[in-house]
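Observations on the model geometry
Spelled out from the first residue to the last, the chains are:
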Amino acid sequence: MRAWQPMRTHYSCRWQGSPLLVLWFQVVASSNRVPSHSSAHRCCLKDHLKIAIPDESLKPYWEYVSTRKPKWSGYLTLMIDALAKEMGFTYEFQAAKFGPHGEPVSV
């Protein structure tokens, strides 16, 4: 019984295997890399958004804290903050006001 030997690949030219190995390494290395930013990174640097959120709590999505200056917290606010950080816009939250037929008034 013969001892195990690694499989040998036959190339007609002795340098033929090297470029393939280099190309394979680049594909593997690039597929493991995490992109540092999205394609929308810093696209909205000059934009300021006013975001209207109802002035009531809907935990865990948002929580309204009624103080002299109203504050919101929760999942929605964390998501908007992450988007603002990536895209570069500034924002402020406002209490949403609705008209007699349910249409938004404060937007």
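In case you missed it, the structure is sitting above this.
Predicted model only: the values in this text are computed from it and were never measured.

Proximity of charged atoms lets side chains of opposite charge pair with each other. Enumeration over the complete set of coordinates arrives at one salt bridge. Linking Lys 59 and Glu 63 is a salt bridge whose minimum nitrogen-to-oxygen distance equals 3.7 Å. Judged by its relative accessible area of 58%, Lys 59 is exposed. You can call Glu 63 partly exposed: its relative accessible area is 29%.

Attention now goes to a nonpolar patch on the surface. Residues Leu 58, Tyr 61, Tyr 75 and Leu 78 make up a contiguous nonpolar surface patch of about 470 Å² in total accessible area. Mapped onto the fold, Tyr 61 is located in the loop between strand S1 (48-53) and strand S2 (63-65).

Conventions we followed
- Residues numbered from 1 in each chain as written.
- Predicted model: local features only at pLDDT ≥ 70, side-chain atom pairs only at ≥ 80, totals over all residues.
- Heavy atoms only, no water.
- Salt bridge = Lys/Arg side-chain N within 4 Å of Asp/Glu carboxyl O.
- Buried < 20%, exposed > 50% of the residue type's maximum accessible area, 1.4 Å probe, protein only.
- Patch = residues over 30% accessible without salt bridge, like charges linked within 9 Å, V, L, I, M, F, W, Y side chains within 5 Å.
- Areas by Shrake-Rupley, 256 points an atom, 1.4 Å probe, with all protein chains shown as cover.
- Helix = DSSP H or I, 4+ residues; strand = E, 2+ residues; numbered from the N terminus.

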